[in-house]
Amino acid sequence: MWRVLVQLVSIVVLWWCIAVAEAEYVKYKDPKQPLNVRISDLLSRMTLEEKIGQMVQIDRIVATTEIMKNYSIGSVLSGGGSAPLPEASAADWVNMVNMLQKGSLSSRLGIPLIYGIDAVHGHNNVYNATIFPHNVGLGATRDAELVRRIGDATALEVRATGIPYVFAPCIAVCRDPRWGRCYESYSEDHKIVEEMTDIILGLQGEAPNGSRKAVPYVGGKNKVAACAKHFVGDGGTTKGINENNTVIDLHNLLSIHMPAYADSIFKGVSTIMVSYSSWNGIKMHANQYLVTRFLKETLKFKVDWEGIDRITSPPHSNYSYSVQAGIQAGIDMVMVPFNYIEFIDDLTYMVKHKIIPMERIDDAVRRILLVKFTVGLFENPMSDLSLVNELGKQEHRDLASEAVRKSLVLLKNGKNANDPLLPLPKKASKILVAGTHADNLGYQCGGWTINWQGFNGNNYTRGTTILSAITSTVDPSTKVVYRENPDGDFVNSNSFAFAIVVVGEYPYAESVGDSMNLTMVDPGTDVISNVCKAVKCVVVIISGRPIVIEPYMTLIDALVAAWLPGTEGQGLTDVLFGDYGFSGKLSRTWFKSVDQLPMNVGDSHYDPLFPFGFGLTTETVMARSTSSGVEGRPNIFIIAALAFISLCLGTALD
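Residues numbered from 1 in each chain as written. Predicted model: local features only at pLDDT ≥ 70, side-chain atom pairs only at ≥ 80, totals over all residues. Heavy atoms only, no water.

Draft legend 1. How the structure looks around the sheet that holds strand S9 (residues 282-283). Taken in spatial order, the three strands make up an open sheet running S6-S8-S9, and their pairing is mixed. Of all the strands in the sheet, just strand S6 (245-246) and S9 have a single pairing partner and so form its edges. Sheet analysis places strand S8 (residues 278-279) next to S9, joined by two bridges and oriented antiparallel. Directly across from Ser-278, in S9, lies its bridge partner Lys-283. (Pairing = 2+ DSSP bridges. Helix = DSSP H or I, 4+ residues; strand = E, 2+ residues; numbered from the N terminus.)

Draft legend 2. Here's a closer look at the state of the cysteines. Inspection of every chain in the model, using the stated rule, returns two disulfides. Between the sulfur of Cys-174 and that of Cys-182 lies a disulfide, 2.1 Å long from S to S. Its S-S torsion of about -105 degrees marks the bond between Cys-174 and Cys-182 as left-handed, since a negative value means left-handed. The pair Cys-174 / Cys-182 is uniform in exposure class, with both members buried. Shown here is the disulfide that connects Cys-532 with Cys-537, its sulfur atoms set 2.0 Å apart. On the sign convention where negative means left-handed, the S-S torsion of about 110 degrees between Cys-532 and Cys-537 marks this disulfide as right-handed. On the basis of relative accessible area, Cys-532 is assigned to the buried category, the value being 6%. Here the disulfide map of the protein chain reads 1-2, 3-4, the bonded cysteines being numbered as they appear in the sequence. Sulfur of Cys-170: no disulfide; nearest cysteine sulfur belongs to Cys-174 and is 9.2 Å away. Accessibility expressed as a relative area gives 3% for Cys-170, which makes it buried. With no disulfide partner, Cys-445 has as its closest neighbouring cysteine sulfur the one in Cys-170, 18 Å distant. (Disulfide = S-S within 2.5 Å. Buried < 20%, exposed > 50% of the residue type's maximum accessible area, 1.4 Å probe, protein only.)

Draft legend 3. Local environment of the pattern of salt bridges. Per the stated rule, a full pass over the model turns up 33 salt bridges. When the shortest N-O distance is used, the salt bridge between Glu-49 and Lys-352 registers 3.8 Å. Note that Glu-49 is positioned in helix H3 (residues 48-54) and Lys-352 in helix H14 (residues 340-352), a separation of 303 residues in sequence. Look at Lys-352 and you get exposed, because its relative accessible area is 53%. Across the salt bridge formed by Asp-176 and Arg-178, the nearest N and O atoms sit 2.7 Å from each other. When sorted by exposure, Asp-176 lands in the same class as Arg-178, which is buried. (Salt bridge = Lys/Arg side-chain N within 4 Å of Asp/Glu carboxyl O.)

Below, the structure written as structure tokens:
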């Protein structure tokens, strides 16, 4: 009897276990299921509120575990300067991201959040990260393989902080340097910008051979999802005014501003960010033709992300209309850093009242889930500390130095071709270093560094200033004298062998950087005048674009465009003092006067100070010495070798 009861109980327990297992099994959590099956299964289980929550991206400042859970928020971002705490370590970032992720995973369906951050020249929001040259400098390298390696390093440093998604690269084609974001553009020439989209392969990894092209791909836990931005024509606005109107016909829009997007999609970029600018008076966020019909249907792209509040002028003046216009145009995930409840309420109302069809919501959420599954967030939602030592490691700083060296463009070398000033000798009695930008890490990094608008000084992150690099490069016997703004009497009263003057622009980002005059900051021109009238000088320009320099050219012996080199100032001195040669070529036309702007290569009124593609070269000191030994004065080693051979031959003959 007892045996029968035991068998019956065992059967009941077995049935119960099977029933529980079947109840708990859901296809979207099974990595063995095809991707589309997982997405469809999850989408079928979601309520309207959960779907709309997935379409929302908020700033970490307002994010809490409760908000992530209760609103099913799809994404969190760190805006410029938005960090968990001052000088936060990689571990601090990981812990913050994981805390928010726990909130998302505790929601009804456990859909993980995707955390995003601007990493436009390295992991630029994070203390101690490697800061690479901005894109304007990388364009001057013409080196797509270098840019891909920078993508590799950036991905590692971003993942070291627990973040799987970056708002990069910017693939704008800047057609007017008055634009405050011109330094985020690789070139005025779309062909160079297309080549530089190889950074996507570094950030995301390259799909295995035989994989489908033009499909989002992220190659594991050491890679990140990338975001090509800002679609489309943001670099062509009238007078370079940020977020303004690009007046251009469809043919030129497609031939100048669109090719890099086609390249990015082919290389598997995960997301595209839509621009705040307009095309012929129509806001891009409301442009259904370009966002849905062209980008999604013609180019077969998967996911569009961005904000919508600036569809109206002034911004937010008719927010309900902005929500409707943006979602119907094809925006999938919307940046609403702080005002997320209003967006959720407005969009929910519009769907329930059939102003926006449920099919559009399902389409958006399907695309968002595609990225999350592709990144691997459902299998590995939590970050660990295994990569924290990747942040700012020496190998990455060496790569940044290489990028600086290759980005430098030599515009002038000597008052005449027979008397070059560069490369400079490391051994001299006394040299002068002057200028506002010689000993300022923040200035040489530019905007989007630690803070949105960058910083002033040397205390906000780790790196090597140009002055420090000069001091460590020259011979120990060489006396280095630094004066930020020396007067003429001081320069004349000292017997300097030569001077290095480092001047340029203050850091800026976005509209703050829009400029109608493009002049260097004071007292830059006075420093050039006071120093270069008295001693041989090389002037180094630290700027995000060409600036006015033509009036001072006769004073200057040598001129170098160093762009915004980042934290590794040693790369500049490596080339100034001849350890490496100059090789960079202008990726932007250098104008004579702002009255000529806009002026790009191929224009009928093209009359530049330095044309697109210009750049002088130098040899390394070692190569020059070897050459001199062979073709000039006899090399002492060759003399010794010949003498030894003669002696041996003479002995043999005897």
